[in-house]
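# Per-entry structural report
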Amino acid sequence: MSKLVRVATVAAALALLSTGCSTAKPTSPTSTPSAKAPPATVTTTNVIALPGVGGHGDVVTADPAAHAVYVAQSPDNNLIVLDTRNNRIKAVVPHIVDGNGVDFSDLYVFVAEAGANRVAVISKSTWKVVATVGSGGKSPDAVYYDPAERTVFVANVDSDTMTEFSATSPFTVLGSLALQPSPAHNGPDLGTYVPSTDHIYQAVDNNVAVINAKTRTISSRFTLSLPAGKSAKDMYFDQAHHLLWVATDGKEVLALNPDNGAVVHTVKTASGTDEVSGDEDHGLLFLGEGKAGVMGVVDLATDRIIATVKTEPDAHTLAYLPHSNVVYAYLNTSNKVEVDHVNR
């Protein structure tokens, strides 16, 4: 396939607004407002056609040690395993009912099955389901593997709960907790696990619940001042600048102080964002903006949008493969995965 080179559009404005949450004071920006970020050039090097008919798919997760990218192909009830060494389909795991969140350990892949209220456990040696674990609630979504405790957490959207189970056979359920606020309007969405602190940051409506994974307790909760009816979505922890980036379904992503929830930066986007993925090596954050049909690229040193790359309407999930300069964007409507090389 011939390469399609698309030079990113450099955004000229960044809103450095201290839109403080209701529980903490804003802190000072961590970058110089006048700083200029270099543009990015994004090259589509491959487009991988997927089996089935496609539709509204879900989470994409990169597993660099396994040379794999996992795609929750929920309309076709599959988990697609892509081989990142040749960008071909390595395996198709069937009978994953309405797949949502995906995470992995060294031995297994854990996939939330929203339509079955369970988590599928897939062996990485055979790419077959070896166990299922009840999610302890309704409509499981976000999944987090905690290597410190060797456990898995799953958030349930319609019951506003989170369940923890062992990441090793026999995958014993260890307990659950009620999320906040309760009752929730939309329930939990995505979030992120931070290994350095052993905490989970979980989106629930316009809140971020901070969960101590060791004790399975909510240590704090940040309420975001979002437009009426808007919610927090996926998150990325920027270790270099000690910031928690929070996507929203409004036209903005927020950078929070992860210790107190204060909004440090607000970056305007073309539309709401669902899944995000970060590049630690080059300080970039990739945004799946489904309504606008674009992939936004944020420079984390200057907190600016430096690229707006066309994907397709409703393409809202993606994953950056660490140390590769490559993003895998799921074009769920056309049932393809776009392999994009990022150069600065």
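Residues numbered from 1 in each chain as written. Predicted model: local features only at pLDDT ≥ 70, side-chain atom pairs only at ≥ 80, totals over all residues. Heavy atoms only, no water.

## Quick look at the side chain of N78
- Topologically, N78 is positioned in strand 5 (residues 78–83).
- Within the structure, the side chain of N78 is placed 2.9 Å from the side chain of Q73, a separation counted as a polar contact.
- Once residues within four sequence positions are removed from consideration, N78 is found in contact with V71, A72, Q73, V92, V93, P94 and I96. (Helix = DSSP H or I, 4+ residues; strand = E, 2+ residues; numbered from the N terminus. Polar contact = N/O pair within 3.5 Å; in protein donor to acceptor, adjacent residues only side chain to side chain. Contact = heavy atoms within 4.5 Å.)

## Quick word on the packing of aromatic side chains
- Taken as a whole and assessed by the stated rule, the structure comprises seven aromatic pairs.
- On the numbers, 6.4 Å between centres and 15° between planes, the contact of F110 with Y145 is stacked. Here F110, found in strand 8 (residues 108–113), pairs with Y145, found in strand 11 (residues 140–146); they are 35 residues apart in sequence, far enough to count as distant. Comparing F110 with Y145 shows no difference in burial state: the two are buried. (Phe/Tyr/Trp six-rings, centres within 6.5 Å; stacked < 30°, edge-to-face > 60°. Buried < 20%, exposed > 50% of the residue type's maximum accessible area, 1.4 Å probe, protein only.)

## Some points on empty space enclosed by the protein
- For the structure shown, the criterion picks out one cavity of 30 Å³ or more.
- In this structure, the largest cavity encloses a volume near 50 Å³.
- What lines the largest cavity is L287, G288, E289, V294, M295, T311, A315, T317, L318, A329 and Y330.
- If you tally residues by element for the lining of the largest cavity, the top one is strand 24 (residues 284–289), at three residues.
- Of the residues contributing to the lining of the largest cavity, the split by class is seven nonpolar, three polar and one charged. (1 Å grid on protein atoms, 1.4 Å probe; cavity = no way out; pocket = protein on both sides within 12 Å on 5 of 7 lines; lining within 4 Å. Points joined across faces, edges and corners; volume = space filled by probe spheres on them. Nonpolar A, V, L, I, M, F, W, Y, C, P; charged D, E, K, R; others polar.)

## Brief notes about unusual backbone geometry
- Residue P170 follows S169 across a cis peptide bond; omega there is 10°.
- Positionally, P170 belongs in the loop between strand 13 (161–166) and strand 14 (173–178).
- Cis rather than trans, the peptide bond between Q180 and P181 has omega equal to 0°.
- Here P181 shows up in the loop between strand 14 and strand 15 (188–194).
- At N77, a position not held by glycine, the phi torsion is positive, near 55°.
- Residues other than glycine seldom take positive phi values, yet F171 does so here, at roughly 60°.
- Under the relative-accessibility criterion, F171 is labelled buried at 6%.

## Looking at the pairing of strand 18 (residues 217–223)
- Bridge analysis of strand 17 (residues 207–212) against strand 18 gives six bridges, and the strand direction is antiparallel. When the sheet's bridge partners are listed, N212 is paired in strand 18 with T217.
- Between strand 17 and strand 18, which follow one another and run antiparallel, lie four residues, and R216 among them has a positive phi close to 55°. (Pairing = 2+ DSSP bridges.)

## With respect to the side chain of S271
- Relative to the helices and strands, S271 is located in the loop between strand 22 (263–268) and strand 23 (276–279).
- A polar contact of 3.1 Å, which involves the side chain of S271, links it to the backbone nitrogen of A292.
- Residue contacts for S271: discarding those within four places in its chain leaves G250, K251, E289, G290, K291 and A292.

## Some words on the sheet that holds strand 16 (residues 199–204)
- Ordered in space as 15-16-17-18, the four strands form an open sheet in which the pairing is antiparallel. For this open sheet the edge positions go to strand 15 and strand 18, each flanked by a neighbour on one side alone. Taking each pair of neighbouring strands and ignoring which way they run, the sheet shows an average axis angle of 20°. (Axes fitted to C-alpha atoms, helices over the stretch in contact; angles between N-to-C directions.)

## Side note on the confidence of the model for the chain
- Averaged over every residue, the pLDDT of the chain is 90; the share at 70 or more is 90%.
- Confidence over residues 1–34 falls short of pLDDT 50; this stretch has 92 contacts with residues more than four positions distant or in other chains. (pLDDT = per-residue confidence, 0-100.)

## Considering the nonpolar core
- Judged by nonpolar contacts, the single largest core of 31 residues is most densely connected at Y70, L79, V102, V109, I122, W127 and M162.
- In this structure, V102 is in contact with V59, T61, Y70, A72, L79, V109, F110, V111 and V143, ignoring residues within four places of it in sequence.
- V194, L224, L244 and V263 belong to the second-largest nonpolar core, a separate cluster that totals 16 residues. (Core = buried A, V, L, I, M, F, W, Y, C linked by side-chain atoms within 4.5 Å.)

## Overview of the pattern of salt bridges
- The final tally for this structure, using the stated rule, is eight salt bridges.
- Residue R118 pairs with E113 through a salt bridge whose shortest N-O separation is 2.8 Å.
- Judged by relative accessible area, which is 27%, R118 ranks as partly exposed.
- The salt bridge involving E252 is made with K268; its shortest N-O contact spans 3.4 Å. Separated by 16 residues along the polypeptide, E252 in strand 21 (residues 252–256) and K268 in strand 22 bring together distant segments of the chain.
- On the basis of relative accessibility, which here comes to 45%, the residue K268 falls in the partly exposed class. (Salt bridge = Lys/Arg side-chain N within 4 Å of Asp/Glu carboxyl O.)

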